[in-house]
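Structural characterization, general
Each chain, letter by letter, is given below.
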Amino acid sequence: MAAATLHAIDYLDQPQKHPPRPAIAVSGDERFLKRLVIETLRRAALGEDNDFSQTVFSGDTATLRDVLDELDTVSLFGPGGRFIVVEDADDFVSRYRAELEDYVAKPAKASTLLLDVKSWPSNTRLAKAIAASGLTIEATAPTAAKLRKWLAAWSQKRHGKELAGDALDLLLEIVGPQPGLLDQELAKLAAAIGDAPAIDVRQVEELVGGWRAKTTWEMLDAALAGNAPTALVELDRLLIGGENPIGLLGQVGSTLRRLAAATRLVEEAEQAGRRASLRAALEEVGVRPFVVAKSESQLRQLGRQRAGKLCQWLLDADLALKGDSQLPARTVLEQLVVRMARQPQGAK
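Residues numbered from 1 in each chain as written. Predicted model: local features only at pLDDT ≥ 70, side-chain atom pairs only at ≥ 80, totals over all residues. Heavy atoms only, no water.

1. Re the overall build of the protein chain
Cut-off, in case you're wondering: A run of H or I in DSSP counts as a helix once it spans at least four residues, and a run of E counts as a strand once it spans at least two, with each numbered from the N terminus. Any residue under 20% of the maximum accessible area for its type is buried, any over 50% is exposed, and the rest in between are partly exposed; the area is computed with a 1.4 Å probe on protein chains only. Here the open area of atoms and residues is found with the Shrake-Rupley method and a 1.4 Å probe, where only the protein chains shown may cover a residue. Within this scheme the basic residues Lys and Arg register as positive and the acidic residues Asp and Glu register as negative, but His and the chain ends are omitted. Lys charges are placed at NZ, Arg charges at CZ, Asp charges at CG and Glu charges at CD.
The secondary structure content of the protein chain amounts to 17 helices and six strands. Along the first, second and third principal axes, the C-alpha set of the protein chain runs to 70 × 50 × 45 Å. Among the 348 residues that make up the protein chain, the fraction classed as buried is 45%. Carbon and sulfur atoms provide 51% of the accessible area of the protein chain, an area that totals close to 17,900 Å². In the protein chain, 44 side chains carry a positive charge and 47 a negative one; their mean positions are 5 Å apart.

2. Section: a negative patch on the surface
Quick note on the threshold: Residues enter patches when they are more than 30% accessible in relative terms and free of salt bridges; like-charged ones are connected within 9 Å and nonpolar ones (Val, Leu, Ile, Met, Phe, Trp, Tyr) within 5 Å. Any carboxyl oxygen of Asp or Glu within 4 Å of a side-chain nitrogen of Lys or Arg constitutes a salt bridge here.
Negative charge collects at one region of the surface, where D60, E87, D88 and D91 lie side by side. Take D91: it is sitting in helix α4 (residues 90-95). Given a relative accessible area of 43%, D91 falls into the partly exposed group.

3. Remarks on the packing of aromatic side chains
Let me state the cut-off plainly: Two rings from Phe, Tyr or Trp (for Trp, the six-membered ring) form a pair when their centres are within 6.5 Å of each other. A pair whose planes differ by under 30 degrees is stacked, one over 60 is edge-to-face, and the rest are tilted.
Overall, the coordinates contain four aromatic pairs when judged by the stated rule. An angle of 85° between the planes, with centres 6.3 Å apart, marks the rings of F32 and W154 as edge-to-face. Of this pair, F32 sits in helix α2 (residues 31-46) while W154 sits in helix α7 (residues 144-159), and the two are 122 residues apart along the sequence. Neither residue differs from the other here; F32 and W154 are each classed as buried. Three or more aromatic residues link up through ring pairs in this structure, and these residues are F32, W150 and W154.

4. Some words on helix α9 (residues 179-193)
This is how the line gets drawn: Each residue after the first adds 1.5 Å to the expected span of a helix.
Across its 15 residues, α9 extends 21 Å between first and last C-alpha, which sits within 8% of the 21 Å expected from 1.5 Å per residue. Burial in α9 covers these residues: P179, G180, L182, D183, E185, L186, L189, A190 and I193. Downstream of α9 by one or two residues, G194 has phi in the positive range, about 60°.

5. What to know about the environment of Q312
The following threshold applies: Under this definition, polar contacts are N or O atom pairs within 3.5 Å; protein pairs additionally need one hydrogen-donor-capable and one acceptor-capable atom, and for neighbouring residues in sequence, both atoms have to be side-chain atoms.
Tracing the backbone shows Q312 in helix α16 (residues 310-324). The exposure class of Q312 is partly exposed, given its relative accessible area of 43%. Separated by 25 residues in sequence, Q312 and V337 have C-alpha atoms that sit 14 Å apart. Separated by 2.8 Å, the side chains of Q312 and D316 make a polar contact.

6. Looking at the nonpolar core
Rules: Remark: nonpolar core denotes a set of buried residues (Ala, Val, Leu, Ile, Met, Phe, Trp, Tyr, Cys) joined through side-chain atoms within 4.5 Å. Here, two residues are considered to be in contact whenever any of their heavy atoms come within 4.5 Å of each other.
Membership of the largest hydrophobic core comes to 40 residues, with the highest contact counts inside it found for L41, I137, L151, L171 and V204. Those residues within four positions of L151 in sequence are excluded, and the remaining contacts are L163, L168, L171, L172, L182 and L186. Membership of the second largest hydrophobic core comes to 36 residues, among which are L220, L249, L259 and L282.

7. Concerning the pattern of salt bridges
Enumeration over the complete set of coordinates arrives at 17 salt bridges. A salt bridge links E70 to R82, with the nearest nitrogen and oxygen atoms 2.3 Å apart. Within this pair, whereas E70 is found in helix α3 (residues 64-72), its partner R82 is found in the loop between α3 and β4 (83-87), the two being separated by twelve residues in sequence. As a salt-bridge pair, K294 and D221 come within 3.2 Å of each other at their nearest N and O atoms. One end of the pair, K294, is in helix α14 (residues 292-302); the other, D221, is in helix α10 (residues 201-224), with 73 residues separating them in the sequence. Among the residues examined, K294 registers a relative accessible area of 37% and is labelled partly exposed.

8. Digging into unusual backbone geometry
Despite not being glycine, D88 shows a phi value in the positive range, around 45°. On the accessibility criterion, D88 (40% relative accessible area) is partly exposed.

9. Description of the packing of α2 against α7
Worth spelling out the cut-off: Angles here are taken between N-to-C directions and fall from 0 to 180 degrees, while the axes themselves are lines fitted to C-alpha atoms, restricted in helices to the stretch in contact. We call two directions roughly parallel when the angle between them is under 35 degrees, roughly antiparallel when it is over 145, roughly perpendicular when it lies between 65 and 115, and oblique otherwise. Should the near helix be turned counterclockwise from the far one by less than a right angle, the crossing is left-handed, whereas a clockwise turn marks it as right-handed. Gly falls in the polar group here, along with every residue not listed as nonpolar (Ala, Val, Leu, Ile, Met, Phe, Trp, Tyr, Cys, Pro) or charged (Asp, Glu, Lys, Arg).
Interhelical geometry of α2 versus α7 gives an angle of 50° and a closest axis separation of 15 Å. With respect to each other, α2 and α7 are oriented oblique. Considering how the two elements wind past one another, α2 and α7 form a crossing that is left-handed. Touching F32, L33 and L36 of α2 are W150, W154 and R158, all from α7. A class-by-class count of the residues in the contact of α2 with α7 yields five nonpolar, no polar and one charged.

10. A short note on the pairing of strand β6 (residues 135-138)
Just so we agree on the cut-off: Any two strands with at least two DSSP bridges between them are considered paired.
With two bridges connecting them, strand β1 (residues 6-7) and β6 associate as parallel partners. Counterpart to H7 in the pairing with β6 is E138.

11. Observations concerning the sheet that holds strand β5 (residues 112-116)
Here we have six strands laid out as an open sheet, ordered β1-β6-β2-β5-β4-β3, and parallel in their pairing. Each edge of the sheet is formed by a strand with only one pairing partner; in this case those strands are β1 and β3 (54-58).

12. Structural notes on α7
Rules: What we call the bend at a residue is the angle made by axes fitted to the seven residues finishing there and the seven residues starting there.
The first and last C-alpha atoms of α7 sit 21 Å apart over 16 residues, in line with the 22 Å expected at 1.5 Å per residue. If you look at α7, its biggest bend is around 25°, right at A153. Those residues of α7 not exposed but buried are L147, W150, L151, W154, S155 and H159. For α7, the secondary structure elements touched by its buried residues are α1 (8-13), α2, α8 (165-175) and α9. The positive-phi residue at the C-terminal boundary of α7 is G160, with phi of around 70°.

Following this line, the structure appears as structure tokens:
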């Protein structure tokens, strides 16, 4: 029976349960998690300080013969096995699919072949063969719940600092759902607080927020107040300053999703014949007390119809930024800003 595909975060949580196999496929486009997975597998296969037994090939130029020769070569410095990585291996797999199927059926038992690919359809013969006898790990963007759990554990494991509650939530709001950037900010926070055992909200606000976070919230506030020109100017500042468009969408997305959720709660209460309180709905979906009044004003400016479309607008923008649209990232974000801002009388 074929083993299920592991998500990178699940593998990294308990790597000892999934030791290296002769053939491994690591797929997806989340480069930070993929790098962690490959490094963890390498250490498990070769030990901490045995880089001599690893060879990395580029999938664009590698030949199957060279890869197989390395897999069959006995290491002069390690315990005997080799750890062979083919990076960006999509084309390599396409060129040598049949031969790789033959190899996986009878692999070099002491060595590991790791295919680093972006796409890995599970219905191919090669994918099924590796799933059955090897290891298949997916390094893709994690769900919000999975990312939150990983971030708390990673902060303690890698940086020796507790990160929980409001501090964790605020860090995710500011940085967005990008594990690599989150790790960079955690490293900065850990270094700044010295021997302190935990990271608190104040430290996240001061050390991570900076001008980018301030400008992001100013952009969002302007858009939700109906001031598109000001919001677009702030967006321009962020993009010129090097802000990652996907990370920027992640930051504003957490706020917009809360506003949308509060709108749904009010509608559900009214449909059930109960008295609806916008303030209570905002508090229930996790809006922090000191911004509840501002959030109420923003929802009234949006109006119920457009507030109910926020999640769809976010989804549209997310898909567009990840390749579903030919529009530049700047244009995608500008469209979202204009949608949030007050529409002219009679606009749809």
